[in-house]
Amino acid sequence: MSSSKLLFRRRLTDYFATFVAATLSAVVVGTLVAIFTYLVVKGAGSVNWAFLTHTPKPVGEVGGGMANAIVGSILMLGMASLIGIPFGIGAGIYLAEYGRNRLGALVRFTADVLNGVPSIVIGLVAYGLVVFEQGHFSAFAGGIALAIMMVPIVARTTEEMLLLVPQSVREAAFGLGVPQWRTTVSITLATARAGILTGIMLAFARIAGETAPLMFTALGNQFWSFSANQPIAAVPLQIYTYALSPYDDWHRQAWAGALVLVALIVGTIAVVRFIFARSALREVS
């Protein structure tokens, strides 16, 4: 085959692959835009100050809001992050730096299995571990259930990001006499932190909209609650309740709650990204 024909085939293959990649990207982005646009159209009209500051009204009364559910979601997501992120990063460090053995293979297999387990099963596990032992539902039990879901995602992402760090970086630190634990903490983690942060945000977005685990742990609450030891409301639970109801006003509030939930997730990720970018620029300067 002549060089000109070979060059033509390579260009044709490159153009075709680029077209396929661009088309699939457009489909994914277009789907996300369509979903968000539909949420705005259906829910924006019901999002007002009363919705964000009031608790739900009794059955049959029009109005009310999801303020207690928003606070409950923030509390449980905060607890889940405080528990799940350190454990997930620690597990990922072990798998990447020390896990080339049978125990590492077992931890890796367990993380992969947990990633595929239905969330309702994790809710039942948290019910047995926390709710059954305590004798009552609580926000803490909901946080535990969400943390269990968060750990394997953060762990596997952390492992993959650390494995992408060139071995020469570690060897350079070892050559300077830096111990392995210090190399991992100060150099390897710092190099892979952008990817690790992405994994954390993916895990956060994954658990933020979960309803099934909270049905067996947090249960829900129609009133204000700030105690980690008591049942508490959550936006996904409130959306589920309103969506199943026969009342049009509750249906509108369900759409508004879905919009607020998406805005909460996107806003949290944007703030974390902004803080991370600012800190990175400060270190460079």
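Described in the following lines is the structure provided in the data block. (Residues numbered from 1 in each chain as written. Predicted model: local features only at pLDDT ≥ 70, side-chain atom pairs only at ≥ 80, totals over all residues. Heavy atoms only, no water.)

### Examining the packing of helix 4 (residues 102-116) against helix 6 (residues 139-163)
For step 1, the next point in the chain: Relative to each other, helix 4 and helix 6 sit at 130 degrees, their axes nearing to 9 Å. Here helix 4 lies oblique to helix 6, going by the angle between them. Crossing of helix 4 over helix 6 shows left-handed handedness. In contact with R108, A111, D112, L114 and N115 of helix 4, helix 6 contributes P152, I153, R156 and E159.
For step 2, the next point in the chain: When its residues are assigned to classes, the contact of helix 4 with helix 6 shows four nonpolar, one polar and four charged. (Axes fitted to C-alpha atoms, helices over the stretch in contact; angles between N-to-C directions. Helix = DSSP H or I, 4+ residues; strand = E, 2+ residues; numbered from the N terminus. Parallel < 35°, antiparallel > 145°, perpendicular 65-115°, else oblique. Left-handed = near helix turned anticlockwise from the far one by under 90°. Contact = heavy atoms within 4.5 Å. Nonpolar A, V, L, I, M, F, W, Y, C, P; charged D, E, K, R; others polar.)

### Describing the nonpolar core
For step 1, the next point in the chain: Core analysis: the biggest nonpolar cluster contains 48 residues, and M76, L146, L162, I207, L214 and I239 have the highest contact counts within it.
For step 2, the next point in the chain: Ranked by the residues each element gives to this core, the list is headed by helix 8 (residues 180-208), at 10 residues. (Core = buried A, V, L, I, M, F, W, Y, C linked by side-chain atoms within 4.5 Å. Buried < 20%, exposed > 50% of the residue type's maximum accessible area, 1.4 Å probe, protein only.)

### Points about unusual backbone geometry
For step 1, the next point in the chain: Backbone geometry at L219 places phi at a positive 70 degrees, although glycine is not the residue there.
For step 2, the next point in the chain: In this structure, L219 sits in the loop between helix 9 (212-215) and helix 10 (235-244).

### With respect to the pattern of salt bridges
For step 1, the next point in the chain: This structure, assessed with the given rule, holds six salt bridges.
For step 2, the next point in the chain: A salt bridge links D112 to R156; the shortest N-O distance between them is 2.8 Å. Here the residue D112 occupies a position in helix 4, and R156 occupies one in helix 6, the gap between them amounting to 44 residues.
For step 3, the next point in the chain: Relative accessible area serves as the criterion here: at 37%, D112 is assigned to the partly exposed category.
For step 4, the next point in the chain: Residue classification places R156 among the buried residues on the basis of a relative accessible area of 19%.
For step 5, the next point in the chain: Its salt-bridge partner being R252, residue D249 comes within 3.4 Å of it at the nearest N-O pair. Of this pair, D249 and R252 both sit in helix 11 (residues 248-284), three residues apart, which is roughly one turn of the helix.
For step 6, the next point in the chain: By sharing partners, the salt bridges in this structure join R108, D112, R156 and E159 into a single network. (Salt bridge = Lys/Arg side-chain N within 4 Å of Asp/Glu carboxyl O.)

### Some details on empty space enclosed by the protein
For step 1, the next point in the chain: All told, the structure shown has one cavity of 30 Å³ or more when counted by the stated rule.
For step 2, the next point in the chain: Roughly 40 Å³ of internal volume is contained in the largest cavity.
For step 3, the next point in the chain: If you trace the largest cavity, you find it lined by S73, M76, L77, L146, I207, A208, L214, A234 and P236.
For step 4, the next point in the chain: Of all elements in the fold, only helix 3 (67-98) and helix 8 reach the threshold of two or more residues within the lining of the largest cavity.
For step 5, the next point in the chain: Here the lining of the largest cavity takes three residues from helix 3, the largest share from any one element.
For step 6, the next point in the chain: Each residue belonging to the lining of the largest cavity can be placed in one class, and the counts come to eight nonpolar, one polar and no charged. (1 Å grid on protein atoms, 1.4 Å probe; cavity = no way out; pocket = protein on both sides within 12 Å on 5 of 7 lines; lining within 4 Å. Points joined across faces, edges and corners; volume = space filled by probe spheres on them.)

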